[in-house]
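# Coordinate inspection notes
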Amino acid sequence: EKGGYKHFMLKEIYEQPQAIIDTVSGRINPETGSIELAEMNLSDEDLAGIDRIFLVACGTSWHAALVAKYWIERWAGIPVEVDIASEFRYRKLIINERVLTVAISQSGETADTLAGIRLARKLGSKIVIICNVVGSTMTRIADGTVYTHAGPEIGVASTKAFTSQLAALFLFTLFLAEKRGTMAVEKRLELGRDLIHLAAVIGKLLPVLQGEIQELIENYYDSRDFLFVGRGLNFPIALEGALKLKEISYIHAEGYASGELKHGPIALIDKDMPILGLVPKDAVYQKSISNVEEIKARQGRLILIGTEGDEHLKSITDDVLYLPEVNEELNPILYTIPAQLLAYEIASRRGCDVDQPRNLAKSVTVE
Ligand code: F6R
């Protein structure tokens, strides 16, 4: 059942290229670049009337929402608010029929997310669910659904469901951009092709990266704390890396926006504090580099993950992992892979029960 892998989590990490392909396939018309999301069930009129989007989710799914905010605002020009479902429910919501509420949930059963969409619907919002489980409670309540096709996820720590959510949210962004006329057809086709190509890139990368990470973690697996930092699209991936590590290895880990370091957490940095920096060659590269150089100046133990060929990284630290260059919009999907493998390898090295971490359940149906 684990297909030769030691844990479901590792199997599911390796299933990601297929899960992305399955989530994308058949949904981009290769000639017209049209995005076909059959179960969305929103009319062109509904879509034209939307002036704000709320993204609501918990845990890892909330991290997917944070990435989607950057995408939707940039490419479809619609203001997006992102909420943790257990917060969304208990604040004054300014929601009406011009708001589209999108819940993101692997299981489609998470209690707070479910209550959140019931509330939003009462306030007049249309509801769409990004979900992995066909026929789950949320999909039955919603106006429309965009299914991720990750297949069953057994490991408690979410991996392939997350990257499939990102793929689905990217398609959703292209869909909105098409309906709004905010993106040229050629651009849509290009981004669609890049997304499919990314699956192959990840497939090739996985075994190589796993080997490199196994070696790397020998110097890090017994750490007490860990900081993950990233900027822009990769800030949510820093949060996701920290969550994966804490939930399966029980190491205290925090994710931060790189630019926030100097506003507090930099005080934690000394020769015993490991920091993982996500520093792809992207629009905010120079800023990210000066942030990690400040860490180095304070003797922090730095691991950098960046773009193949970026020799500068080696002058900052010995511990560098290189990833291939892909379209920078898709970096959050790519940079999730080393974050997952790092958490997995550290947890295994520490002898933790990777698939069944203490105190956690796969589906949180209590509030
Ligand atoms: C973390 C994890 C959880 C879930 C969260 C939401 O690895 O699995 O944080 O992401 O409980 O679950 P869903 O997506 O089913 O609503």
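- With an unreviewed UniProt entry as reference, the protein is termed Glutamine--fructose-6-phosphate aminotransferase [isomerizing], source organism Desulfocapsa sulfexigens.
- You can read under Subcellular location (unreviewed entry) in the UniProt record for the protein the words "Cytoplasm".
- You can read under Catalytic activity (unreviewed entry) in the UniProt record for the protein the words "D-fructose 6-phosphate + L-glutamine = D-glucosamine 6-phosphate + L-glutamate".

### Side note on unusual backbone geometry
- Even without glycine at this site, Q299 takes up a positive phi of about 65°.
- Along the chain, Q299 falls in the loop between α11 (285-297) and β9 (301-307).
- When its relative accessible area of 53% is taken as the criterion, Q299 is described as exposed.
- One non-glycine residue, N359, adopts positive backbone phi at about 65°.

### Notes on the sheet that holds strand β7 (residues 252-257)
- The strand order across the open sheet built from 5 strands is β7-β6-β8-β9-β10, with neighbouring strands paired in parallel fashion. Looking along the sheet, the strands with just one partner apiece sit at the ends: β7 and β10 (319-323). Along the sheet, successive strands turn relative to each other by an average axial angle of 15°, direction set aside.
- Where β9 meets β10, 5 bridges bridge the pair, whose relative direction is parallel. Bridge assignment links L304 to a residue of β10, and that residue is V320.
- Docked against the sheet, helix α9 (residues 185-216) engages β9 and β10, running at close to 175° with respect to β10.
- Contacting β6 (225-230), β8 (274-279) and β9, α11 crosses the sheet at an angle of about 165° to β8.

### A short note on the side chain of S249
- Position of S249 among the secondary structure elements: in helix α10 (residues 235-249).
- At 2.7 Å, the side chain of S249 and the backbone oxygen of L245 are in polar contact.
- Look past the residues within four positions of S249 in its chain and what remains in contact with it is I346, A347, R350 and C352.

### As for the packing of aromatic side chains
- For the structure shown, the criterion picks out 5 aromatic pairs.
- On the numbers, 4.8 Å between centres and 70° between planes, the contact of W71 with F170 is edge-to-face. Of this pair, W71 sits in helix α4 (residues 59-76) while F170 is found in helix α8 (residues 160-180), placing the two residues 99 residues apart along the sequence. There is no split in this pair, since W71 and F170 are both buried.
- Both rings, one in Y220 and one in F226, keep their centres 6.1 Å apart while their planes meet at 50°; by these two values the pair is tilted. Each of the two residues, Y220 as well as F226, counts as buried.
- In textbook terms, an aromatic cluster arises when at least three aromatic residues are bridged by ring pairs, as seen for Y220, F226 and F228.
- Over the aromatic face of Y250 sits the side chain of R358, whose NZ or CZ is 3.8 Å from the ring centroid.

Reading guide: rules and limits
Residues numbered from 1 in each chain as written. Predicted model: local features only at pLDDT ≥ 70, side-chain atom pairs only at ≥ 80, totals over all residues. Heavy atoms only, no water. UniProt positions renumbered as here; feature names shortened; annotations may be inferred. Helix = DSSP H or I, 4+ residues; strand = E, 2+ residues; numbered from the N terminus. Buried < 20%, exposed > 50% of the residue type's maximum accessible area, 1.4 Å probe, protein only. Pairing = 2+ DSSP bridges. Axes fitted to C-alpha atoms, helices over the stretch in contact; angles between N-to-C directions. Contact = heavy atoms within 4.5 Å. Polar contact = N/O pair within 3.5 Å; in protein donor to acceptor, adjacent residues only side chain to side chain. Phe/Tyr/Trp six-rings, centres within 6.5 Å; stacked < 30°, edge-to-face > 60°. Lys NZ or Arg CZ within 6 Å of the ring centre and 35° of its normal.

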